[in-house]
Amino acid sequence: MDLFEQISNDIKEAMKAKDKVRLETLRNIKKVFLEAKTAAGANDTLTDETALKIIQKLVKQGKDSAAVYLEKGRTELAEEEMAQVKVMEVYLPKQLSAEELEAKLKEIIARTGATSGKDMGKVMGVASKELSGLAEGRAISAKVKELLG
């Protein structure tokens, strides 16, 4: 079963369970999936890889929104966003711990022969591809700067 079908089935389960937050979140994901499927050049298909990227983007947007709400003192809205983020994170692969991320990046730096901050672009290109979905871009970037700096 692909991710699109999984989300559709989980919508039905959320309806039966009367889980409003989960239902609303899953419907939003499905809406974005459908938009991606019907976009020009998509040929009415949605690969799991593309679906994961969409969910990652939605998670990032949710976290960013929650941070803005907290800055403005709107904790109830921030809590709503984070509740939706938790629902979406179920569909993402397990994220790397800080130690695992550092180990992978050290290996990539050794492979690319990077020695200074000037080589950051080279390392980031490889790291972004290999660690896609396993760590946030911000975390990767910050750790690469730390390791090369």
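Everything quoted here is computed from the prediction, not taken from an experiment.

### Considering the overall build of the protein
Helices and strands together make up the secondary structure of the protein, namely seven helices and zero strands. Along the protein, helices and strands appear, N-terminal first, in the series α-α-α-α-α-α-α. Residues classed as buried in the protein amount to 33% of the 149 residues present. Carbon and sulfur atoms form 54% of the exposed surface of the protein, whose accessible area is close to 9400 Å². Distance between charge centres in the protein, computed from 26 positive and 25 negative side chains, equals 2 Å.

### Notes on the nonpolar core
Soluble globular proteins tend to bury their nonpolar side chains together. Counting 21 residues, the largest nonpolar core has I7, L26, I29, F33 and I55 as its most contacted members. If sequence neighbours within four positions are ignored, I55 has contacts with L3, I29, F33, M88, Y91 and L92. Listed in part, the 15 residues of the second largest apolar core include L105, I109, L131 and V144.

### Let's talk about the packing of helix α1 (residues 3-17) against helix α2 (residues 20-37)
Contact geometry for α1 and α2: axes closest at 9 Å, N-to-C directions at 150°. By the angle between their directions, the pair α1 and α2 is classed as roughly antiparallel. Crossing hand, α1 versus α2: left-handed. Two secondary-structure elements touch here, α1 through L3, F4, I7, S8, D10, I11, E13, A14 and M15 and α2 through R22, L23, L26, R27, I29, K30, F33, L34 and K37. Here the residues of the contact of α1 with α2 sort into eleven nonpolar, one polar and six charged.

### A word on the packing of aromatic side chains
Taken as a whole and judged by the stated rule, the model has one aromatic pair. Seen in terms of ring centroids, F4 and F33 are 6.2 Å apart; in terms of plane orientation they differ by 35°. Their pairing is tilted. With F4 in helix α1 and F33 in helix α2, the pair connects residues that are 29 residues apart, well separated along the chain. Owing to a relative accessible area of 0%, F33 belongs among the buried residues under this scheme.

### A short note on the side chain of Q84
When you line up the elements, Q84 lands in helix α4 (residues 75-89). Sequence-distant contacts of Q84, defined by excluding residues within four places in its chain, comprise V21, E24 and T25.

### Quick notes on the side chain of D10
The residue D10 is located in helix α1 in this model. With near-sequence residues (within four places) excluded, D10 lies in contact with R22, L26 and Y91.

### Side note on the packing of α2 against helix α3 (residues 48-71)
Between two packed helices, the angle of one axis relative to the other and the distance separating the axes together describe the packing. Viewed as axis vectors pointing N to C, α2 and α3 meet at an angle of 130°, and their least axial separation amounts to 10 Å. Looking at the two axes, α2 sits oblique to α3. Along this stretch, α2 crosses α3, giving a crossing that reads as right-handed. Touching I29, V32, F33 and A36 of α2 are A51, I54, I55 and L58, all from α3. In the contact of α2 with α3, the residues fall into eight nonpolar, no polar and no charged.

Rules used in this analysis
- Residues numbered from 1 in each chain as written.
- Predicted model: local features only at pLDDT ≥ 70, side-chain atom pairs only at ≥ 80, totals over all residues.
- Heavy atoms only, no water.
- Helix = DSSP H or I, 4+ residues; strand = E, 2+ residues; numbered from the N terminus.
- Buried < 20%, exposed > 50% of the residue type's maximum accessible area, 1.4 Å probe, protein only.
- Areas by Shrake-Rupley, 256 points an atom, 1.4 Å probe, with all protein chains shown as cover.
- Lys, Arg positive; Asp, Glu negative; His and termini not counted.
- Charge placed at Lys NZ, Arg CZ, Asp CG, Glu CD.
- Core = buried A, V, L, I, M, F, W, Y, C linked by side-chain atoms within 4.5 Å.
- Contact = heavy atoms within 4.5 Å.
- Axes fitted to C-alpha atoms, helices over the stretch in contact; angles between N-to-C directions.
- Parallel < 35°, antiparallel > 145°, perpendicular 65-115°, else oblique.
- Left-handed = near helix turned anticlockwise from the far one by under 90°.
- Nonpolar A, V, L, I, M, F, W, Y, C, P; charged D, E, K, R; others polar.
- Phe/Tyr/Trp six-rings, centres within 6.5 Å; stacked < 30°, edge-to-face > 60°.

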